[in-house]
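As a plain string of letters, each chain reads:
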Amino acid sequence: MKKAIQFGAGNIGRGFIGALLEEAGYHVVFADVNKEIIHKINEDKCYTVHIMDVQCSEMKITNISGIDSTTDAVLDEIKQAQMITTAVGLTILPRIAPTIAKGISLRQQSGVESYLNIIACENAIKASSQLKQAVYEQLDEATKQYADKYVGFPDCSVDRIVPPVKSENFIDVVVENYYEWNVEQAAFKGEIPAIKGMNLADNLMAYIERKLFTLNTGHCITSYLGFLKGYATIDESIADEKIYNIVKSAMTESGNGLIKKYGFDKEAHMKYIDKIIGRFKNPYLKDDVARVGREPIRKLSPSDRLIKPLMTAIEYGLPVDNIIIGIGAALHYDNTADKQSVELQEKIQNLGVISTVAEISGISDKNLLEKIEKSYKYVINL
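All values derive from a computational prediction rather than experimental measurement.

**Q** Which residues make up helix α6 (residues 141-150), and what are the values?
**A** Within α6 the residues assigned to the buried category are Thr-143, Tyr-146, Ala-147 and Tyr-150. Buried positions in α6, seen along its axis, are confined to an arc of 100° and lie on one side of it. The exposed set on the far side of α6, more than 90 degrees from its buried face, consists of Glu-141, Gln-145 and Lys-149. For α6, the side-chain oxygen to backbone nitrogen distance between the N-cap and Ala-142 is 3.3 Å, and the N-cap itself is Asp-140.

**Q** Which residues make up the sheet that holds strand β10 (residues 173-175), and what values go with them?
**A** Strand order in the open sheet made by the 3 strands is β4-β3-β10, with mixed pairing throughout. Where the open sheet ends on each side, the last strands, each with one partner, are β4 (57-61) and β10. Adjacent strand axes in the sheet meet at a mean angle of 25°, parallel and antiparallel pairs treated alike. Pairing between strand β3 (residues 47-51) and β4: 5 bridges, direction antiparallel. Along β4, the bridge assignment pairs Ile-51 with Ser-57. Packed on one face of the sheet, helix α1 (residues 11-23) meets β3, β4 and β10 and runs near 75° to β4.

**Q** Tell me about the side chain of Lys-3, and name the residues and values.
**A** Topologically, Lys-3 is positioned in strand β1 (residues 3-7). Looking at Lys-3, its side chain comes within polar contact range of the side chain of Glu-77, at 2.6 Å. Other than its neighbours up to four places away in sequence, Lys-3 contacts Tyr-26, His-27, Val-29, Glu-77, Gln-80, Ala-81, Gln-82 and Met-83.

**Q** How would you summarise the nonpolar core if you had to cite specific residues and measurements?
**A** Leu-300, Ile-327 and Leu-331 are the most contacted members of the largest nonpolar core, which totals 49 residues. Those residues in contact with Ile-327 that sit more than four places away from it in its chain are Leu-300, Leu-306, Ile-307, Leu-310 and Ile-372. Counting 34 residues, the second-largest nonpolar core is a separate cluster that includes Ala-24, Ile-38, Ile-41 and Ile-64.

**Q** Talk me through the environment of Leu-344; I want residue IDs and the actual numbers.
**A** Tracing the sequence through the fold places Leu-344 in helix α15 (residues 339-351). Of the residues examined, Leu-344 reaches a relative accessible area of 0% and is grouped as buried. Considering only alpha carbons, one finds Leu-344 and Glu-295, 49 residues apart in sequence, at a separation of 9.4 Å. Not counting chain neighbours up to four residues away, the residues in contact with Leu-344 comprise Pro-296, Ile-297, Leu-300, Ala-330, Leu-331, Thr-356 and Ile-360.

**Q** Give me the lowdown on the packing of α15 against helix α16 (residues 353-361), citing residues and values where you can.
**A** Orientation of α15 relative to α16, taken along the N-to-C sense of each, is 130°, at an axis distance of 7 Å. Taken together, the axes of α15 and α16 lie oblique to each other. Residues Leu-344, Lys-347, Ile-348 and Leu-351 of α15 pack against Val-353, Ser-355, Thr-356, Glu-359 and Ile-360 of α16. Partitioning the contact of α15 with α16 into residue classes produces 5 nonpolar, 2 polar and 2 charged.

**Q** Now, about the sheet that holds strand β2 (residues 27-32): what can you tell me, with residues and values included?
**A** Reading across from one edge, β5-β2-β1-β6-β7-β8 is the order of the 6 strands in this open sheet, with parallel pairing throughout. The outermost strands of the open sheet, each flanked by one partner alone, are β5 (64-68) and β8 (151-152). By the bridge criterion, 5 bridges tie β2 to β5 in an arrangement that is parallel. Across the sheet, residue Ala-31 finds its bridge partner in β5, namely Ile-67. On the sheet, helix α4 (residues 93-109) packs against β1, β6 (83-86), β7 (116-120) and β8 and is oriented at approximately 175° with respect to β7. In the packing of helix α5 (residues 127-136) onto the sheet, the strands contacted are β6 and β7, and the crossing angle to β7 comes to about 120°.

**Q** Before we move on, could you go through unusual backbone geometry and cite the residues and values that matter?
**A** It is generally the case that most residues other than glycine have a negative phi and that most peptide bonds are trans. Positive phi is not limited to glycine here, since Lys-126 has a value of about 55°. Mapped onto the elements of the fold, Lys-126 is located in the loop between β7 and α5. Positive phi outside glycine occurs at Lys-286, with the angle close to 50°. For Lys-286, the location among the structural elements is in the loop between α10 (266-280) and α11 (289-293). With relative accessibility at 48%, the residue Lys-286 sits in the partly exposed group.

**Q** Describe helix α3 (residues 73-80), naming the residues involved and giving the relevant values.
**A** Taken together, the buried positions of α3 are occupied by Val-74, Leu-75, Glu-77 and Ile-78. One side of α3 holds all its buried residues, which, seen down the axis, span an arc of 160°.

**Q** Would you mind going over the packing of aromatic side chains in detail, with residue names and values included?
**A** Here the structure, examined in full by the defined rule, presents 8 aromatic pairs. Look at Tyr-146 and Tyr-150: their rings are 5.0 Å apart centre to centre, the planes differ by 45°, and that puts the pair in the tilted class. Here Tyr-146 pairs with Tyr-150, and both are found in helix α6, just 4 residues apart, close to one helical turn. Given the relative accessible area of 9%, Tyr-150 is considered buried. By the ring-pair criterion, three or more aromatic residues cluster together here, those being Tyr-115, Tyr-146 and Tyr-150. When the ring centre of Tyr-272 is taken as origin, the NZ or CZ atom of Arg-210, which lies over that ring, is 3.9 Å away.

Criteria and cut-off values
Residues numbered from 1 in each chain as written. Predicted model: local features only at pLDDT ≥ 70, side-chain atom pairs only at ≥ 80, totals over all residues. Heavy atoms only, no water. Buried < 20%, exposed > 50% of the residue type's maximum accessible area, 1.4 Å probe, protein only. Helix = DSSP H or I, 4+ residues; strand = E, 2+ residues; numbered from the N terminus. Arc of directions from axis to C-beta. Polar contact = N/O pair within 3.5 Å; in protein donor to acceptor, adjacent residues only side chain to side chain. Pairing = 2+ DSSP bridges. Axes fitted to C-alpha atoms, helices over the stretch in contact; angles between N-to-C directions. Contact = heavy atoms within 4.5 Å. Core = buried A, V, L, I, M, F, W, Y, C linked by side-chain atoms within 4.5 Å. Parallel < 35°, antiparallel > 145°, perpendicular 65-115°, else oblique. Nonpolar A, V, L, I, M, F, W, Y, C, P; charged D, E, K, R; others polar. Phe/Tyr/Trp six-rings, centres within 6.5 Å; stacked < 30°, edge-to-face > 60°. Lys NZ or Arg CZ within 6 Å of the ring centre and 35° of its normal.

See below:
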């Protein structure tokens, strides 16, 4: 039987990638540090994905098991696997890299000559490439040569809203109906697996940035403006006319940058923007603004969902006023339960807005920094 290891047994791991792999005929081994979830997976041997949208449905996921990712037992699973996927968060990838490296070494030592493809399904640009670098740092030269031949690290773009909704059975998951999983075709090693829902892409960066500049940009701006105005969820926030207008305009600005960069069809991309905003309005998801807005320093980094669209649009001489409003709102994200939020507010208090933004975002243009500072003051009165 085909075997896949899903590092990360959280909502995204269970509700999105793990579910698609199981539907494609893989036995999915969920590897996680959360012993409670792993025990429940092994006890029940199934869970339900609740698809909540205009039309609701359910998927029963049954061909599964769980394993503590901190134990050596996971190495035997890696030895037998055809695919490894992750949904752990970008900052956790370096922590699982040594385990994956040991598993690859075990495959080499055992004479395994079958192919293994490792796909990091994270909200980041080229996450699999970043994981590969971290894994290769743990390998000796002989094992690197083995991995070059037998182990692929296709980059991908993932898109599905999976809110942390509590179910009666705590391993059941609520998801939206819409999803995209675009995977870099050329980076696979061996025969490319047939997985329904996995789209093979030639120009992956176009898909990655389309998602980053649209879903991620609009989602986080909605959350930061909603947080400022005291809303609890994304659907409540986007129902506010002022927030809707800013978010749609910001997504249009970022979209115009994409159209220039990749030659996207303008009419088709504007319809894509409307579809994304329609997803924000889904009343069944009750997606928490604090969840979407978490880790604001990462979201304000040069390659992420606010600064990258901003600088891309500026590069083509396009308007960016509403993206800047979104950045101003992000700087107000003050959530004591979020480490990065606490750090961000401390930086603003000690360094001021301009120095903080320059340090986090890498922006050096004085006029642009001053516009962001003005936005920071402006959004308070929205």
